[in-house]
Amino acid sequence: MKLFKLLLFVLVILITGCDSNSEISLTDLKCEYRTNPLGIDNTSPRLSWKLIEDNLTRGQQQTAYQILVASSLENLENNTGDVWDSGKVDSNQSVNNTYQGSPLESAKQYFWKVKAWDKDGKFSNWSEPSNFSMGLLKQSDWKGDWILKSDQKKTDHNWYRKSVTLLDNAESAFVFVGSFGYHELYVNGEKITENVMNPVSTYMKKRIAYLTYDISDQLKEGDNVIAIWHAAGWSRWRRISEYRNIPFVFKAQAEIVAGGEQITLKSDTTWKTKKSHTEYYGDWDILRFGGETIDDSKREDDWNTVAYDDSNWMNASVYNHEELNAQIPEGNNISFALNSKKNREVRALYVPITAQLSAQMVEPQVKFKEIKAIAVDKNEDGTYRIDMGENYTGFFELDLYNGIEGDSILFEITDRTEVRSNWQQKSKYIFGKSGKGKFQNRFNVAGGRWITVYGLNYEPKIEDAKGYVVTNNRRQISKFESSSEQLNKIYQINLNTYLANTMDGILVDCPHRERRGWGEVTVAAMYGDALPNFESGAYMDQYL
């Protein structure tokens, strides 16, 4: 018996020795081209990974893989794929392997990992865990209403609040927000993610993109506030002939598990709303994209906190196209530009919302890169011109001092020195009681390099000004560098131009004149600059 056990032990060692201890490791796990994506709506998601081997063995490759997908991190750590265990699959494919497990459920989070076999049949260690969550997969899963502030203007930036009391800490909590125009989500005074100006633009009659947010760590036992800052953004665009009068509304839903209880919060008339201290400055149309106004005298930094008293806020209203149409006077009510000097006026009424909500799969827009000013010059008329050093599309910030309440500062932006403002790119700041503050964009961008500042009674410092390139958050994956300074500059200008013309989820002809995608995605900007230099899978997939 002892001899049999010894032989069995040796046999096990020989078998496992032939099938383990591979030097390869698996990293950079992705689902639908994204790292740990939230709220996807592809029920057969594609999973990808990279193989790494420090020894750089000649001919090394993946010959098989195994994927585990679990409903909890605990199950995954115990190597239990209760949602999907692919078993050993003989394949060298490590990109876009399609999930083939149990049906995935709305608003659920899943955890996954992978291991692979190398050219010698040895298997790797399991990868580090990754995860993805599902969005609301059916339109019927959305329980809320499209809501709005009843007396709003489309230039307003509106605040919304919803209070909720939890009897226990949240085990999981996801918020889904789909909006015509941009939104930001806050929980108990904290902004959720560093994303800016989302969701991306869509064909509004057919589809509105929604984003998913994990707020588990922000919720607490007791009283909580979920808040949304909403701006019309691209839904002010009224050049689609069959959709001239576009709703300024959003829909939101929170799915919370706390103390074992499932809680659903939805957008309805119990939400409170108030106009914020910011609004759009000017139009949102070709040749005239305007900017923003910040009125610091109306700022309320605690508007999204539990302690804030919202008793004087109005309740939100549910979108009703007939009620809105009854408020429209006779005659033409919509105007849009034919050229820089001439408009066309038409009559257009609100219609029922036919757009379906679907997950935004392209990366969210972010402050992609910081831009620092390089010069401040005083003009003959007493204004100041700030040189940001390069043309870019994004936000501008300026610290402001020595003001008197009610005084205003005007900013004009241009991409060429011959004029102070091209395409009516302008913004304004109004001082509050403190006489100091900061102008910073939130719901609009400008394209340019030079900012002329009117109304200052002092010369601004270079360090008071900065900017941010705003674009979708795609990682740069390669870089060109040579001994030629000129070639290096040409390369960087190409990248800067690509980034400056990539906004709202699409490649546009220009960021300040039209902001439309006229086919640039099919030409040099994508194939010469984007694909070789940036992760572009999720970005390009939306066109397919």
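Each value, and the rule that gives it
Per chain, residues are indexed from 1 in the order of the written sequence. In keeping with the model being predicted, local features are shown solely for residues with a pLDDT of at least 70 and side-chain atom pairs are shown and tallied solely at 80 or more, while totals for entire chains, interfaces and linings include all residues. Side-chain measures were taken over the full set of non-hydrogen atoms in the model, leaving aside hydrogen atoms and water. The secondary structure listing takes helices from DSSP runs of H or I that are at least 4 residues long and strands from runs of E that are at least 2 residues long, numbered from the N terminus. C-alpha atoms define the radius of gyration, and 2.2 Å times the number of residues to the power 0.38 defines the globule rule. Between two residues, a contact is recorded if the distance between any of their heavy atoms is within 4.5 Å. Note that His is not counted, nor are the chain ends; the positive residues are Lys and Arg, and the negative ones are Asp and Glu. Note on charges: their place is set at NZ of Lys, CZ of Arg, CG of Asp or CD of Glu. Every case where a carboxyl oxygen of Asp or Glu lies within 4 Å of a side-chain nitrogen of Lys or Arg is listed as a salt bridge. Type-normalised accessible area, obtained with a 1.4 Å probe on protein chains alone, sets the label of each residue: buried when under 20%, exposed when over 50%, and partly exposed for intermediate values. In this analysis, strands are considered paired if DSSP registers two or more bridges between them. pLDDT is a per-residue confidence score from the predictor, ranging from 0 to 100. Stacked, tilted and edge-to-face pairs are distinguished by plane angle, under 30 degrees for stacked and over 60 for edge-to-face with tilted covering the rest, among Phe, Tyr and Trp rings (Trp via its six-membered ring) whose centres lie within 6.5 Å. Surface patches are drawn from residues lacking salt bridges whose relative accessible area is over 30%; two like charges belong together within 9 Å, two nonpolar side chains (Val, Leu, Ile, Met, Phe, Trp, Tyr) within 5 Å. Here the accessible surface of atoms and residues is derived via Shrake-Rupley with a 1.4 Å probe, and residues count as covered only by protein chains that are part of the display. In this text, buried Ala, Val, Leu, Ile, Met, Phe, Trp, Tyr and Cys residues form a nonpolar core when linked through side-chain atoms within 4.5 Å. The term polar contact refers here to a pair of N or O atoms within 3.5 Å; inside protein, the definition further demands a hydrogen-donor-capable atom paired with an acceptor-capable atom, and it admits residues adjacent in sequence only when both atoms are side-chain atoms.

K.L.:
Mind laying out the overall build of the protein chain, listing which residues take part and the relevant values?
P.N.:
A tally of helices and strands in the protein chain yields six helices and 34 strands. Relative to its length of 544 residues, the protein chain is compact, with a C-alpha radius of gyration of 27 Å against a globular reference of 24 Å. Principal-axis analysis of the C-alpha atoms gives the protein chain an extent of 100 × 65 × 45 Å. Summarising the internal contacts of the protein chain: among those between residues at least 6 apart in sequence, 76% fall at separations of at least 24. Across the protein chain, the centroid of the 64 positively charged side chains sits 4 Å from that of the 74 negatively charged ones.

K.L.:
Describe in detail the pattern of salt bridges, supporting the description with residues and values.
P.N.:
A complete count under the given rule lists 28 salt bridges for this structure. Across the pair Lys30 and Asp28 runs a salt bridge whose closest N-O atoms are separated by 3.6 Å. The exposure class of Lys30 is buried, given its relative accessible area of 13%. We note a salt bridge from Arg475 to Glu535, for which the minimum N-O separation is 2.6 Å. With Arg475 in the loop between β32 (465-472) and α4 (485-500) and Glu535 in the loop between α5 (524-533) and α6 (537-541), this pair connects stretches of sequence that are 60 residues apart. With a relative accessible area of 43%, Arg475 lands in the partly exposed category. Within the structure, one salt-bridge network assembled from shared partners comprises Asp28, Lys30, Lys50, Arg475 and Glu535.

K.L.:
Let's hear about the sheet that holds strand β6 (residues 97-98): which residues, and what values?
P.N.:
The pairing of strands in a sheet comes from backbone hydrogen bonds and takes either a parallel or an antiparallel form. If you trace the three strands from one edge of the open sheet to the other, you get β1-β2-β6, paired in antiparallel fashion. The outermost strands of the open sheet, each flanked by one partner alone, are β1 (25-31) and β6. Note that β1 and strand β2 (residues 46-52) share five bridges and pair antiparallel. For Thr27, the partnering residue across the bridge sits in β2 and is Lys50.

K.L.:
Pulling in residues and values, what's your account of the environment of Gly455?
P.N.:
Note that Gly455 resides in the loop between β31 (446-454) and β32. For the pair formed by Gly455 and Ile409, sequence separation is 46 residues and the distance between their alpha carbons is 5.0 Å. When neighbours within four sequence positions are excluded, Gly455 is seen to be in contact with Ser408 and Ile409.

K.L.:
So what's going on with the environment of Gly233? Residues and values would help.
P.N.:
Note on placement: Gly233 falls in the loop between β15 (222-231) and β16 (250-258). With relative accessibility at 0%, the residue Gly233 sits in the buried group. Sequence separation between Gly233 and Phe443 is 210 residues, and the spatial gap between their C-alpha atoms is 6.7 Å. Apart from residues no more than four positions distant in its own chain, Gly233 is found in contact with Gly181, Tyr182, Tyr280 and Trp284.

K.L.:
Can you lay out the environment of Pro45 for me, pointing to particular residues and giving the numbers?
P.N.:
Residue position: Pro45 is located in the loop between β1 and β2. Along the backbone, Pro45 and Gln100 are 55 residues apart, and their C-alpha atoms lie at a distance of 8.8 Å. Residues in contact with Pro45, not counting those within four places in the same chain, are Cys31, Glu32, Ile40, Asn97, Thr98, Tyr99, Leu104 and Phe132.

K.L.:
How would you explain the pairing of strand β17 (residues 261-266) if you had to name every residue and give the values?
P.N.:
Where β16 lies against β17, six bridges are found, and the strand directions are antiparallel. Paired with Val257 across the bridge in β17 is Gln262. Between the antiparallel neighbours β16 and β17 lie two residues, among them Gly259 with a positive phi of about 60 degrees.

K.L.:
Give me the lowdown on the confidence of the model for the protein chain, citing residues and values where you can.
P.N.:
Of the residues in the protein chain, 95% have a pLDDT of 70 or more, and the chain-wide mean is 92. Low pLDDT, under 50, characterises residues 9-18; the stretch is placed with four contacts to residues that sit more than four places away or in other chains.

K.L.:
For the packing of aromatic side chains, give the residues involved together with the corresponding values.
P.N.:
Under the criterion given, the structure shown has 31 aromatic pairs. Summarising the aromatic geometry, the rings of Phe250 and Trp271 are spaced 6.1 Å apart at their centres and angled 70 degrees between planes, so their arrangement reads as edge-to-face. Taken together, the residues span a long stretch of sequence, with Phe250 in strand β16 and Trp271 in the loop between β17 and β18 (272-281) at a distance of 21 residues. Grouping residues by exposure puts Phe250 and Trp271 together as buried.

K.L.:
Please set out a nonpolar patch on the surface residue by residue, giving values where relevant.
P.N.:
Taken together, the side chains of Phe480, Leu487 and Ile490 define a hydrophobic patch exposed on the protein surface, amounting to about 260 Å² of accessible area. Here Leu487 shows up in helix α4.

K.L.:
Lay out the nonpolar core with the relevant residues and their values.
P.N.:
Grouped together as the largest cluster of nonpolar side chains are 97 residues, with contacts concentrated most on Ile215 and Ile256. Non-local contacts of Ile256, meaning those with residues more than four positions away in its chain, are made with Leu166, Ala170, Ser172, Ala173, Leu219, Glu261, Gln262, Ile263 and Leu265.

K.L.:
Quick one: what's the story with the pairing of strand β12 (residues 182-187), residue by residue and with numbers?
P.N.:
The element β12 is extensively covered by neighbouring structure, given that six of its six residues are classed as buried. Here β12 shows a buried face lined by Tyr182, Glu184 and Tyr186 and a second buried face lined by His183, Leu185 and Val187. Here β12 pairs with β15 via six bridges, running antiparallel. Bridging across to β15, His183 finds its partner in His230. Note that β12 and strand β13 (residues 190-191) share two bridges and pair antiparallel. Within the sheet, the bridge partner assigned to Val187 lies in β13 and is Glu190. A loop of two residues connects β12 with β13, the two strands running antiparallel in sequence, and Asn188 in this loop sits at a positive phi of about 50 degrees.

K.L.:
Explain unusual backbone geometry residue by residue, including any values.
P.N.:
The omega angle of the peptide bond from Asn198 to Pro199 is 5 degrees, so this bond is cis rather than trans. Mapped onto the fold, Pro199 is located in the loop between β13 and β14 (207-214). Residue Asp28 is not a glycine yet carries a positive backbone phi of 55 degrees. Relative to the helices and strands, Asp28 resides in strand β1. In this structure Asp28 comes out as partly exposed when scored by relative accessible area, which is 22%. In this structure, Tyr33 is a non-glycine residue whose phi angle is positive, near 70 degrees. The residue Tyr33 is located in the loop between β1 and β2 in this model.

K.L.:
Outline the side chain of Arg515, listing residues and values.
P.N.:
Examined against the element boundaries, Arg515 turns out to sit in the loop between β34 (506-507) and α5. Despite its burial, Arg515 pairs with no opposite charge; the closest candidate is Asp504, at 5.4 Å N-O. Within polar-contact distance, the side chain of Arg515 engages the backbone oxygen of Val445 at 3.0 Å. With near-sequence residues (within four places) excluded, Arg515 lies in contact with Trp284, Phe289, Asn444, Val445, Met503, Val508, Asp509 and Cys510.

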